[in-house]
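Structure assessment
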Amino acid sequence: MGAVKTKRMPRAVREQQMLDAAVRTFGRRGYMAASMDEIAELAGVSKPLVYLYLNSKEDLFTACIRREARALTAAVRAGVDTDAPADRQLWDGLRAFFTHTARHPDGWAVLHLQARTHGDAFAAEVNAMREEIVAFVTQLILASARAAHRDPDLPADEVAGLAEALVGAAESLADWANATPGVTARQAAATLMNFAWAGLGNMMDARPWVPPVS
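All values reported here derive from a predicted model rather than from experimental measurement.

Comments concerning the overall build of the protein
Each helix and strand in the protein was counted, giving nine helices and zero strands. Mapped in sequence order, the helices and strands of the protein form the string α-α-α-α-α-α-α-α-α. A principal-axis box enclosing the C-alpha atoms of the protein has dimensions of 70 × 35 × 30 Å. In the protein, buried positions account for 43% of the 214 residues. Looking at the protein alone, contacts between residues at least 24 apart form 68% of all its contacts between residues at least 6 apart. Surface accessibility of the protein: about 11,900 Å² in total, with carbon and sulfur atoms responsible for 55%. Here the protein carries 23 positive and 25 negative side-chain charges, and the mean point of each set is 10 Å from the other.

Here it is as structure tokens:
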């Protein structure tokens, strides 16, 4: 086989082309099984050019994680109108999350399945993204709870666990939705909304469930 011929194009464009190929390969084959040869061929460039731009397989994978993490957090934030009612904010956030993960299944696989199982450095990148989303959800719930309770000083730790649980449920449900034929992003969002809102609604109305004494 001859060398791969590439057309001249701006470095930023070429790099995104490589990242597109890498996300697809890592997402479908896994980090360990993916090869730089395969990524280069899919991107339509030579392997030395991939190394020139992105240094190593580890650096390439890290760049993929960072790009996909930024895209997901941006999609969730952009999907929420913080002036809307509490239930609409939650619904729009969930719908934005599941729409993005459905449209970018390889990117979601990189973030949720691959990065967490191949080293602390990769996991730390994903954890930073997750903490940002949890903090965003915490603030959404907290603002609504403070308004419902008419208590502007309601501490964030009152709802932090709810936000953590909601994000965890969304992550698991995204895996299930992407692996289950026929499940749309809207259906996944509605499933979690119906599961979560009854409890959140009771909390907003100051009617939390209280565990028994024994």
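Things to note about the packing of helix H1 (residues 11-29) against helix H2 (residues 36-43)
Two numbers describe how H1 lies on H2: the axes approach to 8 Å, and their chain directions differ by 130 degrees. One finds that H1 runs oblique with respect to H2. Handedness of the crossing formed by H1 with H2: right-handed. The segment H1 lies against H2, with Gln-17, Met-18, Ala-21, Ala-22, Arg-24, Thr-25, Phe-26 and Arg-29 engaging Glu-38, Ile-39, Leu-42 and Ala-43. Considered class by class, the residues forming the contact of H1 with H2 number seven nonpolar, two polar and three charged.

Concerning the nonpolar core
Grouped together as the largest cluster of nonpolar side chains are 60 residues, with contacts concentrated most on Phe-26, Leu-60 and Phe-98. Sort the elements by how many residues they give to this core and helix H7 (residues 120-149) lands first, with eleven residues. Residues contacting Leu-60, with those up to four places away along its chain left out, are Leu-19, Ala-22, Phe-26, Met-36, Ile-39, Val-50 and Leu-54.

Overview of the confidence of the model for the protein
Confidence in the prediction for the protein averages 87 pLDDT; 90% of positions are at 70 or higher. For the protein, helix H9 (residues 185-204) is the element with the lowest average pLDDT, namely 81, and helix H4 (residues 57-79) is the one with the highest, namely 95.

So, helix H5 (residues 86-103)
Over its 18 residues, H5 runs 26 Å from end to end, which matches the ideal 26 Å to within 8%, given 1.5 Å per residue. Among the residues of H5, Gln-89, Leu-90, Trp-91, Asp-92, Gly-93, Leu-94, Ala-96, Phe-97, Phe-98, His-100 and Thr-101 are the ones counted as buried.

Brief notes about the packing of aromatic side chains
For the coordinates displayed, the defined rule picks out seven aromatic pairs. Look at Phe-61 and Phe-122: their rings are 4.7 Å apart centre to centre, the planes differ by 90 degrees, and that puts the pair in the edge-to-face class. A residue pair is termed long-range when its members are at least 10 positions apart, and Phe-61 in helix H4 and Phe-122 in helix H7 qualify at 61 residues. Among the residues examined, Phe-61 registers a relative accessible area of 0% and is labelled buried. Judged by centre distance (5.2 Å) and plane angle (80 degrees), the ring pair of Phe-97 and Phe-98 falls under edge-to-face. Each member of the pair, Phe-97 as well as Phe-98, carries the same accessibility label: buried. A network of ring pairs unites the aromatic residues Phe-26, Tyr-31, Phe-61 and Phe-122 as a single cluster. Sitting over the face of the ring of Tyr-53, Arg-11 holds its NZ or CZ atom 4.1 Å from the ring centroid. Residue placement shows Lys-57 over the ring face of Tyr-31; its charged tip is 4.7 Å from the ring centre.

Observations concerning the environment of Ala-188
Counting through the fold element by element, Ala-188 comes out in helix H9. Separated by 134 residues in the primary sequence, Ala-188 and Leu-54 place their C-alpha atoms 36 Å from one another. What Ala-188 contacts, discounting residues up to four positions off in sequence, is Phe-98, Leu-173, Ala-177 and Val-183.

Side note on the pattern of salt bridges
A complete count under the given rule lists 13 salt bridges for this structure. Salt-bridge contacts for Lys-47 lead to Asp-37; the nearest nitrogen and oxygen are separated by 3.4 Å. Residue Lys-47 is located in helix H3 (residues 47-54), and its partner Asp-37 is located in helix H2; the two are separated by ten residues in the primary sequence. Here Arg-67 ties to Glu-68 by a salt bridge, and the two come within 3.1 Å at their closest N and O atoms. Each of Arg-116, Arg-130, Glu-164 and Glu-171 takes part in salt bridges that share partners, so that together they form one network.

Calculation notes
- Residues numbered from 1 in each chain as written.
- Predicted model: local features only at pLDDT ≥ 70, side-chain atom pairs only at ≥ 80, totals over all residues.
- Heavy atoms only, no water.
- Helix = DSSP H or I, 4+ residues; strand = E, 2+ residues; numbered from the N terminus.
- Buried < 20%, exposed > 50% of the residue type's maximum accessible area, 1.4 Å probe, protein only.
- Contact = heavy atoms within 4.5 Å.
- Areas by Shrake-Rupley, 256 points an atom, 1.4 Å probe, with all protein chains shown as cover.
- Lys, Arg positive; Asp, Glu negative; His and termini not counted.
- Charge placed at Lys NZ, Arg CZ, Asp CG, Glu CD.
- Axes fitted to C-alpha atoms, helices over the stretch in contact; angles between N-to-C directions.
- Parallel < 35°, antiparallel > 145°, perpendicular 65-115°, else oblique.
- Left-handed = near helix turned anticlockwise from the far one by under 90°.
- Nonpolar A, V, L, I, M, F, W, Y, C, P; charged D, E, K, R; others polar.
- Core = buried A, V, L, I, M, F, W, Y, C linked by side-chain atoms within 4.5 Å.
- pLDDT = per-residue confidence, 0-100.
- Expected span 1.5 Å × (residues − 1).
- Phe/Tyr/Trp six-rings, centres within 6.5 Å; stacked < 30°, edge-to-face > 60°.
- Lys NZ or Arg CZ within 6 Å of the ring centre and 35° of its normal.
- Salt bridge = Lys/Arg side-chain N within 4 Å of Asp/Glu carboxyl O.

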